[in-house]
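Chain by chain, the residues run as shown.
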Amino acid sequence: MEKRINLSEKGKNAITALLGITGYVKKSGIEKQLLELIDFRVSQINGCAYCLDMHAKELRALGETEQRIYGLSAWRESVYYSERERAALEWAEAVTHAHMTDEAYDIAKAQFSDEDLVDLTLGITTINAWNRMNLAFPKTAGTYKVGMFG
């Protein structure tokens, strides 16, 4: 494959815009650890190695257990995720697959206020955007350091 655009060099304006949205979501009412779980799960779905590395490292830094990180792809069969986490994961998968059913919405709505559900949805769409940018213009997985982007 021919070398791709260096996103850090040629995509500064796009990155700045995405960082602005990411910053807003991080300051929302959604718990940081829950946002990282969502970011990790969506990155699994999208197959973004750089983002998986990043969010696994951030989750560990927040005190997340290896069991919960490793089990995230099978969260429905696992007993160690809360109802709020399950609702967020259900909604994240629905939004990522563009299949937002009334059932998925009702599950999410039972756990999140209107404002939090909007912010959660923005967080989900933002990690999808980051995944796609990093897949289109790959970064080397394994190079992320905890806190590197704030």
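See the structure above.
Residues numbered from 1 in each chain as written. Predicted model: local features only at pLDDT ≥ 70, side-chain atom pairs only at ≥ 80, totals over all residues. Heavy atoms only, no water.

Student: Help me out: how do you make sense of the packing of helix α4 (residues 49-61) against helix α8 (residues 114-136) in this one?
Tutor: Axes are the key here: two packed helices are described by the angle between their axes and the distance separating the axes. Close contact between α4 and α8 brings their axes to 8 Å; oriented N to C, the two are set at 130 degrees. Put simply, α4 runs oblique to α8. Counting all contacts with α4, which are made through Tyr50, Cys51 and His55, the residues of α8 involved are Ile127, Asn131 and Asn134. Of the residues assigned to the contact of α4 with α8, the class counts are 3 nonpolar, 3 polar and no charged. (Axes fitted to C-alpha atoms, helices over the stretch in contact; angles between N-to-C directions. Helix = DSSP H or I, 4+ residues; strand = E, 2+ residues; numbered from the N terminus. Parallel < 35°, antiparallel > 145°, perpendicular 65-115°, else oblique. Contact = heavy atoms within 4.5 Å. Nonpolar A, V, L, I, M, F, W, Y, C, P; charged D, E, K, R; others polar.)

Student: Sorry if this is basic, but what is going on with the pattern of salt bridges here?
Tutor: Two side chains with opposite charge may pair up if their charged atoms get near one another. Under the criterion given, the structure shown has 9 salt bridges. A salt bridge links glutamate 66 to arginine 60, with the shortest nitrogen-to-oxygen separation between them at 2.7 Å. Its relative accessible area of 32% is what places glutamate 66 among the partly exposed residues. Two residues, arginine 68 and glutamate 64, come together in a salt bridge whose shortest N-O distance is 2.4 Å. In this structure, arginine 68 and glutamate 64 share a single accessibility class: buried. Through salt bridges that share partners, Arg41, Arg76, Glu90 and Glu93 make up one connected network. (Salt bridge = Lys/Arg side-chain N within 4 Å of Asp/Glu carboxyl O. Buried < 20%, exposed > 50% of the residue type's maximum accessible area, 1.4 Å probe, protein only.)

Student: Before we go on, may I ask you to explain the nonpolar core in this structure?
Tutor: Proteins that are soluble and globular tend to have nonpolar side chains buried together. Judged by nonpolar contacts, the single largest core of 37 residues is most densely connected at Ile38, Trp91, Phe112, Leu120 and Ile124. Counting only elements with at least two residues in this core, the list comes to α2 (12-26), α3 (32-46), α4, α6 (83-96), α7 (102-109) and α8. The greatest single-element share of this core, amounting to 7 residues, is contributed by α6. Residues contacting phenylalanine 112, with those up to four places away along its chain left out, are Ile30, Leu34, Arg84, Ala87, Ala88, Leu117 and Leu120. (Core = buried A, V, L, I, M, F, W, Y, C linked by side-chain atoms within 4.5 Å.)

Student: Teacher, can you tell me more about the side chain of histidine 55 here?
Tutor: Note that histidine 55 resides in helix α4. Apart from the residues lying within four places of it in its own chain, the contact partners of histidine 55 are Glu36, Asp39, Phe40, Ser43 and Ile127.

Student: Is there a simple way to think about the side chain of aspartate 116 in this case?
Tutor: Positionally, aspartate 116 belongs in helix α8. No salt bridge forms around the buried aspartate 116; measuring N to O, its nearest opposite-charge neighbour arginine 84 is 4.1 Å away. Those residues in contact with aspartate 116 that lie beyond four places of it in its chain are Gly29, Ile30 and Arg84. (Lys, Arg positive; Asp, Glu negative; His and termini not counted.)

Student: Can you help me understand the packing of aromatic side chains in this one?
Tutor: Aromatic ring pairs are reported here in terms of the distance separating the ring centres and the angle at which the planes meet. All told, the structure shown has 3 aromatic pairs when counted by the stated rule. Both rings, one in tyrosine 80 and one in tyrosine 81, keep their centres 5.2 Å apart while their planes meet at 50 degrees; by these two values the pair is tilted. Residue class for tyrosine 81 comes out buried when judged on its relative accessible area of 4%. Considering the side-chain rings of tryptophan 91 and tyrosine 105, the 6.0 Å spacing of their centres and the 65 degrees angle between planes classify their relative orientation as edge-to-face. Of this pair, tryptophan 91 sits in helix α6 while tyrosine 105 sits in helix α7, placing them 14 residues apart in sequence. Among the residues examined, tryptophan 91 registers a relative accessible area of 8% and is labelled buried. (Phe/Tyr/Trp six-rings, centres within 6.5 Å; stacked < 30°, edge-to-face > 60°.)

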